[in-house]
Amino acid sequence: MILERSSSTSPSLTPAMVKWPFAFAVTSKLFCTLRRIGLLKQCVFAGRLPFCMRVLLESALRNFDGFRVTQQDVEQILDWKKASQYGTDVSFRPARVILQDFTGIPAVVDFAAMRNAVKRLGGDPAKVNPVCPADLVIDHAIQVDLIRNIPSTCSARLRIPPGHHVVSAQAGWNSSKENAQRSSPATCRIPQIEDTPVVCPFHQQPLSRPDSIQKNQELEFERHKERFQFLKWGAEALNNILVVPPASGIAHQVNLEHLARIVFDHNGYIYPDSLVGTDSHTAMMNGLGVLSWGVGAIEAEAVMMGHPVSLSLPKVVGYRLVGQVGSLATSTEVVLAITKHLRQVGISGSFVEFFGPGVTQLSIADRATIANMCPEYGALAAFFPMDSVGLKYLKQMGCDEDKLNRIECYLQTVKLLRDYVDASQDPEYSLVVELDLGTVMPSLSGPKRPQDRVALEDMKDDFKRCLNEKVGFKGYQVPPERQRDVLGCRFGGADYDLRHGSVVVAAITSYTNNSNPSVMLTAGLLAKKAVEAGLSIKPYIKTSLLPGSGVVTHYLNASGMLPYMEKLGFEVVGYGCRTCIGNSGALPECVVETITRGELVVCGVLSGNKNFKDQIFPKVRANYLASPPLVIAYAIAGNVGIDFATEPLHVTESGQEVFLRDVWPSREEVQEVERQSVIPCIFQELKEKLEKGQHLWASLQSSDCVLYPWNPKSTFIKCPPFFDKLSVELEPPEPICDAHVLVFFGNSVTTNNISPGGSIPHNSPAAHYLSSLGLTPREFNSYGTRRGNDEVMMRGTFSHVRLVNKIVGKMGPKTIHFPSGDTLDIYDAAERYQRERRPLIILAGKDFGIGGSRDWVAKGPYLLGVRAVLAETYDRVLRASLVGVGIVPLQFLDGQNAESLGLTGRETYTVHVPAEPVPNAVVDVQLNTGHTFQTVLRLDSDMELTYYNHGGLLNYTIRTNLQPVPENIHPPGMA
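Residues numbered from 1 in each chain as written. Predicted model: local features only at pLDDT ≥ 70, side-chain atom pairs only at ≥ 80, totals over all residues. Heavy atoms only, no water.

### Things to note about the sheet that holds strand 22 (residues 351-355)
- Pairing within the open sheet is parallel, and its four strands lie in the order 23-22-21-24. Bordering the open sheet on either side are strand 23 (381-383) and strand 24 (431-436), each of which pairs with just one other strand. Each strand axis lies, on average, 25° off the axis of its neighbour in the sheet, ignoring direction.
- Against the sheet, helix 10 (residues 331-345) contacts strand 21 (316-322), strand 22 and strand 24, and its axis sits at roughly 150° relative to strand 24. (Pairing = 2+ DSSP bridges. Helix = DSSP H or I, 4+ residues; strand = E, 2+ residues; numbered from the N terminus. Axes fitted to C-alpha atoms, helices over the stretch in contact; angles between N-to-C directions. Contact = heavy atoms within 4.5 Å.)

### So, the sheet that holds strand 42 (residues 888-892)
- With respect to topology, seven strands assemble into a closed barrel ordered 35-40-41-42-45-44-43, the strand pairing being mixed. Along the sheet, successive strands turn relative to each other by an average axial angle of 40°, direction set aside.
- Here strand 44 (residues 922-927) runs beside strand 45 (residues 932-937); their pairing, made up of five bridges, is antiparallel. Directly across from Asp924, in strand 45, lies its bridge partner Gln934.

### Looking at the side chain of Ser350
- Mapped onto the fold, Ser350 is located in the loop between helix 10 and strand 22.
- Taking the relative accessible area as the measure of exposure, Ser350 reaches 7% and is therefore buried.
- Setting aside chain neighbours within four positions, we find Ser350 in contact with Pro314, Lys315, Val317, Gly378, Ala379, Leu380 and Ala381. (Buried < 20%, exposed > 50% of the residue type's maximum accessible area, 1.4 Å probe, protein only.)

### Thoughts on the pattern of salt bridges
- The tally for this structure, following the rule as stated, stands at 33 salt bridges.
- Among the ionic pairs, Asp135 bridges to Arg96, the shortest N-O distance being 3.1 Å. Here Arg96 lies in strand 7 (residues 96-100) and Asp135 lies in strand 8 (residues 134-137), a separation of 39 residues in the sequence.
- Beyond isolated ion pairs, a larger network of salt bridges with shared partners links Arg96, Asp135, Arg261 and Asp273. (Salt bridge = Lys/Arg side-chain N within 4 Å of Asp/Glu carboxyl O.)

### Brief notes about the confidence of the model for the chain
- Scored by pLDDT, the chain has a mean of 82; 82% of the residues are at 70 or more.
- Overall, residues 36-45 carries pLDDT values under 50, and its contacts beyond four positions in sequence, including any with other chains, amount to 31 contacts. (pLDDT = per-residue confidence, 0-100.)

### A few points about the nonpolar core
- Counting 184 residues, the largest nonpolar core has Trp293, Phe351 and Phe848 as the members making the most contacts within it.
- Ignoring sequence-local partners within four residues, the contact set of Phe351 consists of Cys52, Met53, Leu56, Leu291, Trp293, Leu311, Pro314, Lys315, Val316, Val317, Leu380 and Ala381.
- Counting residues in each nonpolar core, the second largest holds 107 residues, with Ile347, Val454, Val601 and Val673 among its members. (Core = buried A, V, L, I, M, F, W, Y, C linked by side-chain atoms within 4.5 Å.)

### A closer look at the side chain of Asp73
- Relative to the assigned elements, Asp73 resides in helix 3 (residues 71-78).
- No salt bridge is formed by the buried Asp73; its nearest oppositely charged neighbour, Arg93, is found at 9.4 Å.
- In this structure the side chain of Asp73 is engaged in a polar contact, spanning 3.4 Å, whose partner is the backbone nitrogen of Ser91.
- Residue contacts for Asp73: discarding those within four places in its chain leaves Arg68, Asp89, Val90 and Ser91. (Lys, Arg positive; Asp, Glu negative; His and termini not counted. Polar contact = N/O pair within 3.5 Å; in protein donor to acceptor, adjacent residues only side chain to side chain.)

Below is the structure:
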């Protein structure tokens, strides 16, 4: 690929003048050839550009407007190796945005609220729409109420129809004696009506038939009807937004299977698909050659509103793959091996681009699995350029021949299609590392962090070490005399033993592995062989199968594997995001009581890619990430303290030992089943169902008004107060004078600590608020489902029970209101400070805000009155989110921190921001003690300074919406 560029800039250049030299017509379509830049003076060979950089370059050329995307952006991308060494920022305008409902609802709420604000300020609210296309997949609402055709909770009071009598739960939930124990619910106290269907704990009504997935979906719609109606309003009232109904699958698998364009064909232009999304798993699309990464919800909204993402030009690490994966290792093990390797190399914030002949051994599902894990090894994106394997995958998904030919022709023309075997196509990289796939061994990751890989053969010894080690990233510090404790637990009429290492949750869940047919079919074949060998799973273990989409269920059914998985308890319970975000539902009360009584370190084994502390279930302290077949294997074993090489899974009545190796399928077996079961008609049939919409969604009524009709009694959707005082005229930012410290954090504070996403504790400020509105604890639902209600989310901010505030010095969501000396809940203290008109700041250490992206980690503190954060380092997404809402991010100078400066959090702080600051300016912070020190103002670009001057992104968008749009500014993707 040859690029020609000018050695000097041309300030008189207009977008119209720039646009046409970049494009030429083929069959009446226009696209960037990457051959010319500005005035042709100097020839540059770009064939050595990494493929991911070629995507950035194409976007910069096509969207050049001299303001949002400048010629300097183009030049910096061309000279990326040098620019990346200095952290140079460039503007990138992705082709689209993807949202899930947890972050999508607040985004749609913001658009609805902006329409109200524009109307109040005299503008046309109908003009407030997403400019960049956005796909919103409803996948975070599902909760597992029923498993194995039974309720998964044990707290409901049941209505007993006349003429029925109650029998003991110990008799089992099934009238069949031989199935009573296996069918026992994850409970020990709920009575059951003899000879009647199972009782649903949410509806308190008998179920008509044993259909967990259908009933879970019905419960989903009952719980979230108001939220779904609001999203349906957004789909119909707002332009450029596609809402995928519930029960379609998890966002990123639906994205991979159905939403990916690969090449956009829009308004006469063709250009590469690229995206940003409000979840770290957005990166999964890199496995299909679509450059993508996760951003904060505020950043995503900015893109939707037509603004570029400000990207610190990353280094590009070339990851060369050679060899073939061994027979016992799955793509999960490949992911964990790469994760550990890249963490050791240290590639934080970089792009990783895979190359080498070993890539051809990986299916698209394998590549997506690897790409999906990139946030856990620190990369911004892990990119697999499109190749013949990707084109075959598109054909398998039902892509018609004409479209496939256009995609291949376009990618070849612009040099975005590669041959991994042809070393002459290998680009230049900042660094090259290599992995021989033949060296990858089966492994897991945990027990508290996804990057802590443990080889399968070392699991037994590693768990013992964890029990001995001090409390930390891996340790639990269980006294040696307590490590062999065995406690009895009576469940379903039978006695069981629980001990340290007992498995109580085994979840084949969405995210990483359910995009991979080979891995899922390996699990299915293992289940088949296990059932045929007479193996089973103890009934108190909460097993579940939550596929990423209906495609998984379809091919498990078509292959005949699903009945065997159901026999072991891995029944399809729904589609969407569940266990990794704390929606696993209740554990049996007798199990919880036994765990608590013995202070046991029990385990969850799941096939997701997040296992942060307390995120799965509070009483399950050890959680391991594993491939789906290993999830089943450990569920059968019942304890992670087993050596599969020397200890059997089961001993038959005749004394025959059954080992894991006896039931593990060969790679050849898996490939044969995959060839027979995963066929294009499956994808096509499910795509038609997805486009038609699930019947519950289709029958849902919603408003068709331009302005959303806010319900003042709603506890789910509420118009936020962000714009109540907004004026058309630009006002200078409020000074930060004599600010008190609300919270003083240490290192590695996660977004879960700042803005919880799980259930709402009954004694929390959010619970008190909901109770005051007449809701019962059963109706509280979760923080995630109430992200459209600022009153709930504001009260949930900093309410995590394990939050550690150095001001208080002990665990819990407390702080000191310094004027009075009172120790209060953080929300109550913030409310008092606001009544006194006192600004607030936050002090933090390194890596402030790591974890999943959540818009309320910025919005919540803002509504509490926080005007600045002072930290050693920031998570990239969180820092951008703070800027987006108008909170000033300050950073300690290198070598300094709160401890070295003697800060206690009891001082008051005045931040001296210049009237006309520049990016990354050094500003003074003055304390009431008389001491002054310097910090870096982490406004990293002119665009971020513009947001700061307007009080945040949303304010800026409203004001620009009220102004005439210059004719020479092109919509994103259309320049």
